[in-house]
Every structure is written in structure tokens, then in C-alpha cells.
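A closer look at the structure
Next come the chains, spelled out residue by residue.
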Amino acid sequence: MTGVAEVAAPAGPDLLALDRAAQDLLFRAARTANTFTAEPVTDAQIAAVHDLIRYGPTALNGQPLRVLLVRSAAARARLLPHVSAGNRAKTAAAPLVAVLAADVDFHRRLPELFPHRPEAGRWLADRAERLAQARFNATLQAGYFLLGVRAAGLAAGPMAGFDAAGVRGEFFPDGRHEVLLLVNIGRPGPDAWHDRLPRLSAEEVIRTV
């Protein structure tokens with residue numbers, strides 16, 4: 001069983017380079033899962049996800065996303081009080097929970113990651129500006145991460161319903177990280193999907209000037 005639900009492929013010529021199966025795995029048939037089986041998600045699977053998604057673009061190649069895997073019962077017990085009531089049961093039952101955070105001090109790695117402009121770190125000396133950059137680019141990477149989880153044949157359940165300050169204080173007490181998202185990860189269980197909600201058409205979203 002994969003992390004996808006069956007949908008009909010669109011009719012007509014395919015203008016995308018990915019084959020239909022890959023398109024469906026990543027987008028059309030993939031869904032946000034709300035229940036999971038007990039099958040574990042391994043460190044090797046998550047490492048494979050990261051090895052794929054790390055090539056997604058970020059400003060200055062800064063790569064501020066940091067991923068904390070909450071596995072142990074003790075760590076889950078620390079996390080759950082900060083999760084909203086509506087998300088708590090599925091977070092308790094998910095095989096793996098990832099906390100996605102932005103490293104506000106990502107600029108320290110810029111001499112290594114953006115070597116043709118070794119002075120780039122100095123452009124972000126102001127913490128407020130650096131925080132904005134870190135949050136924006138780590139959010140981009142969070143999107144890549146969700147697609148990477150789908151590419152591994154797993155289902156993801158991203159959640160914003162939690163106390164970010166509480167999770168930050170519990171797991172990132174150094175003050176260096178901003179918590180962005182919780183993601184439940186695993187194989188979808190029974191009744192994993194809500195009905196698919198409408199999507200806007202290209203005509204409603206795209207305009208040409």
C-alpha cells in the first residue's frame with residue numbers, strides 16, 4: 001500500500017516530463033493522511049527523502065531547514081501537550097513525527113554553501129532580516145520535504161495546529177530555531193482521507209501581462 005489514493009488521470013496530451021505514475025504519486029493522488037498503520041518509518045527512508053529534497057532551491061543556497069524526528073515514547077510525551085486537541089490523537093499514533101524548524105543562524109554556513117561570495121554571511125548580520133529569510137526559505141524546503149515523503153511512497157500529515165513557542169522551548173531551548181510545522185509520517189491507515197477539497201483552475205490562478 002502506498003501513500004496515494006486512486007484518481008483518474010486527465011485526458012489529452014501530457015505536457016509534463018514526469019510520467020503519469022510519478023505525477024499521481026506526488027500530486028494528483030497523494031493526500032494528507034489522518035491515520036497510519038503501525039509500519040515503522042526508518043531513518044534510512046528519511047535520509048533518502050533528504051538526499052532528494054536537498055536540491056530544491058533556496059536563497060543564497062542557505063538551506064535553513066532543520067528536521068527533528070520525534071521517535072521515542074518519552075519524546076512523544078513531551079511533544080503531545082503542545083499539540084492542539086484535534087491533532088493530538090493522530091500525532092500520538094503516527095509511526096513518526098517530524099518537527100520542521102528554521103535555523104536562524106543559517107548564515108554561519110554561507111562561506112561553505114555560497115563560496116563564490118564568502119562575504120554573504122555579513123549581509124544577514126541583522127537578526128530580524130535573517131529570521132525572515134530563514135522562515136521563508138525553510139518554508140520552501142518544508143514543501144520540498146512533503147513531496148519527498150510522497151516520493152518515498154509514504155503519506156504525510158502536515159499540521160500547523162500546535163503551540164510553536166511551546167515546541168520551541170521543549171526541543172530547541174537554544175533560541176536558534178523557529179518551529180514551522182509538524183508532520184506525521186507513515187503508511188496510510190483505515191479511513192486515512194477526508195474528501196478531496198476543490199482546487200482552483202489555471203484560469204483562476206494564472207494571468208498574462
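Described in the following lines is the structure provided in the data block. (Residues numbered from 1 in each chain as written. Predicted model: local features only at pLDDT ≥ 70, side-chain atom pairs only at ≥ 80, totals over all residues. Heavy atoms only, no water.)

**Comments concerning the environment of Phe106**
Here Phe106 lies in the loop between β2 (96–103) and α5 (110–113). Sequence spacing of Phe106 and Ala30 is 76 residues, and the spatial spacing of their C-alpha atoms is 32 Å. When near neighbours in sequence (up to four residues on either side) are disregarded, Phe106 contacts Gly62, Pro64, Leu124, Arg130, Gln133 and Ala134. (Helix = DSSP H or I, 4+ residues; strand = E, 2+ residues; numbered from the N terminus. Contact = heavy atoms within 4.5 Å.)

**Looking at the pattern of salt bridges**
Two side chains with opposite charge may pair up if their charged atoms get near one another. As enumerated under the stated definition, the model contains 13 salt bridges in all. In this structure, the salt-bridge partner of Asp14 is Arg20, at a minimum N-O distance of 2.5 Å. Of the residues examined, Asp14 reaches a relative accessible area of 31% and is grouped as partly exposed. For Arg20, a relative accessible area of 24% corresponds to the partly exposed category. (Salt bridge = Lys/Arg side-chain N within 4 Å of Asp/Glu carboxyl O. Buried < 20%, exposed > 50% of the residue type's maximum accessible area, 1.4 Å probe, protein only.)

**A look at the packing of helix α1 (residues 20–28) against helix α6 (residues 127–151)**
As a packed pair, α1 and α6 sit with axes 9 Å apart at the nearest point and diverge in direction by 130 degrees. When the axis of α1 is compared with that of α6, the two are oblique. Relative to α6, α1 is oriented so that their crossing is right-handed. Across the interface between the two elements, Leu25, Leu26 and Phe27 of α1 pack against Leu147, Arg150 and Ala151 of α6. Grouping the amino acids of the contact of α1 with α6 by side-chain chemistry returns five nonpolar, no polar and one charged. (Axes fitted to C-alpha atoms, helices over the stretch in contact; angles between N-to-C directions. Parallel < 35°, antiparallel > 145°, perpendicular 65-115°, else oblique. Left-handed = near helix turned anticlockwise from the far one by under 90°. Nonpolar A, V, L, I, M, F, W, Y, C, P; charged D, E, K, R; others polar.)

**A closer look at the packing of helix α2 (residues 43–53) against α6**
Each pair of packed helices can be described by the angle between their axes along with the distance between the axes. Packing of α2 against α6 leaves a shortest axis separation of 9 Å and a crossing angle of 125 degrees. Overall, the two elements α2 and α6 adopt an arrangement that is oblique. Crossing geometry of α2 relative to α6 is assigned as right-handed. Along its contact with α2, which presents Val49, Leu52 and Ile53, the element α6 presents Gln141, Tyr144, Phe145, Gly148, Val149 and Ala151. Residues of the contact of α2 with α6, tallied by class, amount to seven nonpolar, two polar and no charged.

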